[in-house]
Amino acid sequence: MTDRPGTCPRTRPAVNWLLVLGLGALPLLQGLVRHLDLPALIGAPAAAAMLTVLVTVAWVAVVGWGRVPRPVATLTLAGLTAGIYTIVLSAVLSPLITGTLQGPLAFPLAIVPVLLVPTVWGLMAGLIALALQHLRKAPR
């Protein structure tokens, strides 16, 4: 589709891969907090929920308020990236910490949920960021 004859067709802006990689690293804070045994201070379920909310708010704020193009794709890919980071870090760190491979690569059936859960989380956050972008464009 073109605006006028002789002009270039409209293209959708590309996904910012550097942003995807950075946002995908935010959920790794949950593992860091768990390994530092900070959930013992407020309780593991409360700490996990609080960190999930904080990461979601950060994702939505950066993408929604930052007017990042393609917010749903960006955050869906950030979620998938978080799952990939989790698998890779588990494969690298578990043998160093425990002496044996643990995590998704040791139990291949776990790979699907480790990738699927953060990807769906990113999708939901992306839809919220998209709604925020639309609300910000609405006349007041």
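Starting from 1, residues in each chain are numbered consecutively following that chain's sequence as written. Totals for whole chains, interfaces and linings use all residues, but because this is a predicted model, local features are given only for residues with pLDDT of at least 70 and pairs of side-chain atoms are given and counted only at 80 or more. Remark: hydrogens and water are excluded; side-chain values derive from all non-hydrogen atoms of the structure.

### Topic: helix α1 (residues 17-25)
Turning to step 1, where the next piece is worked out: Looking at α1, one finds that the buried residues are Val20, Leu23 and Gly24. All buried residues of α1 lie within an arc of 105 degrees about the axis, which places them on one face of the element.
Turning to step 2, where the next piece is worked out: Among the structural elements, α4 (44-65) and α5 (71-98) are those in contact with the buried residues of α1. Only protein chains enter the accessibility calculation, which uses a 1.4 Å probe; a residue whose area is less than 20% of its type maximum is buried, one above 50% is exposed, and one in between is partly exposed. Secondary structure is summarised from DSSP: a helix means a run of H or I of at least four residues, a strand means a run of E of at least two, and numbering begins at the N terminus for each. Directions drawn from the helix axis to the C-beta atoms are what define this arc. Residue contacts are defined here by distance: any two heavy atoms, one from each residue, within 4.5 Å place the two residues in contact.

### Points about the packing of aromatic side chains
Two aromatic rings, taken as a pair, are described by how far apart their centres are and by the angle between their planes.
Turning to step 1, where the next piece is worked out: A pair of Phe, Tyr and Trp rings is counted when the ring centres sit within 6.5 Å of each other, with Trp represented by its six-membered ring. The angle between the planes then sorts it: under 30 degrees is stacked, over 60 is edge-to-face, the rest tilted. All told, the structure shown has one aromatic pair when counted by the stated rule.
Turning to step 2, where the next piece is worked out: Ring geometry for Trp59 versus Trp121: centroids 4.8 Å apart, planes at 35 degrees, classification tilted. Taken together, the residues Trp59 in helix α4 and Trp121 in helix α6 (residues 111-137) connect sequence positions 62 residues apart. Trp121 carries the same exposure label as Trp59, and that label is buried.

### A closer look at the nonpolar core
Turning to step 1, where the next piece is worked out: The nonpolar core is taken to be a set of buried Ala, Val, Leu, Ile, Met, Phe, Trp, Tyr and Cys residues, with the residues joined through side-chain atoms within 4.5 Å. Leu23, Val55, Trp59, Val60, Val63, Val68, Leu75, Ala78, Trp121, Ala125, Ala129 and Leu132 together form the largest nonpolar core, which totals twelve residues.
Turning to step 2, where the next piece is worked out: Counting residues per element, the ones that place at least two in this core are α4, α5 and α6.
Turning to step 3, where the next piece is worked out: Each residue touching Val60, except ones within four places of it in the same chain, is listed here: Trp65, Ala125, Ile128, Ala129 and Leu132.

### Section: the packing of α1 against α5
Turning to step 1, where the next piece is worked out: Viewed as axis vectors pointing N to C, α1 and α5 meet at an angle of 55 degrees, and their least axial separation amounts to 7 Å. Here α1 is positioned oblique relative to α5, judged by the angle of their axes. Handedness of the α1/α5 crossing: right-handed. Of the residues in α5, those in contact with Trp17, Leu19, Val20, Leu21, Leu23, Gly24 and Ala25 of α1 are Thr74, Leu75, Leu77, Ala78, Thr81, Ala82 and Tyr85.
Turning to step 2, where the next piece is worked out: For the contact of α1 with α5, the residue count by class is eleven nonpolar, three polar and no charged. Working convention: axes come from line fits to C-alpha atoms, limited for helices to the stretch in contact. Angles between N-to-C directions cover 0 to 180 degrees. Should an angle fall under 35 degrees it is called roughly parallel, over 145 degrees roughly antiparallel, and 65 to 115 degrees roughly perpendicular, with every other angle called oblique. Each helix crossing is assigned a hand: it is left-handed if the near helix lies turned anticlockwise from the far helix by less than a right angle, otherwise right-handed if that turn is clockwise. Amino acid classes used here: Ala, Val, Leu, Ile, Met, Phe, Trp, Tyr, Cys and Pro are nonpolar; Asp, Glu, Lys and Arg are charged; the rest, including Gly, are polar.

### Here's the deal with α4
Turning to step 1, where the next piece is worked out: Every helix has an expected span of 1.5 Å times one less than the residues it contains. Taking 1.5 Å as the rise per residue, α4 with 22 residues should run 32 Å; its terminal C-alpha atoms sit 31 Å apart, in good agreement.
Turning to step 2, where the next piece is worked out: Within α4, the full set of buried residues consists of Ala47, Leu51, Val55, Thr56, Trp59, Val60, Val63 and Gly64.

### Observations regarding the packing of α5 against α6
Turning to step 1, where the next piece is worked out: At a minimum axis distance of 7 Å, the contact between α5 and α6 shows a crossing angle of 155 degrees. The orientation of α5 relative to α6 falls into the category roughly antiparallel. In the crossing of α5 with α6, the sense of the turn from one axis to the other is right-handed.
Turning to step 2, where the next piece is worked out: In terms of residue class, the contact of α5 with α6 is built from 16 nonpolar, eight polar and no charged.

### Brief notes about the environment of Val120
Turning to step 1, where the next piece is worked out: You can see Val120 is positioned in helix α6.
Turning to step 2, where the next piece is worked out: Note on Val120: relative accessible area 37%, which makes it partly exposed.
Turning to step 3, where the next piece is worked out: Sequence separation of Val120 and Leu75 is 45 residues, and the distance between their C-alpha atoms is 9.4 Å.

### Considerations on a nonpolar patch on the surface
Turning to step 1, where the next piece is worked out: A contiguous nonpolar patch, built from Ile84, Val88, Leu89, Val92, Leu93, Leu96 and Ile97 and spanning about 640 Å² of accessible area, is present on the exposed surface.
Turning to step 2, where the next piece is worked out: Relative to the elements of secondary structure, Leu96 occurs in helix α5. A patch is a set of surface residues, each over 30% in relative accessible area and not in a salt bridge, joined within 9 Å for like charges and within 5 Å for the nonpolar side chains Val, Leu, Ile, Met, Phe, Trp and Tyr. Using a 1.4 Å probe, accessible areas were evaluated by the Shrake-Rupley method; residue-level cover was limited to the displayed protein chains. Salt bridge criterion: a side-chain nitrogen from Lys or Arg within 4 Å of a carboxyl oxygen from Asp or Glu.

Any link to function would need more than the numbers given here.
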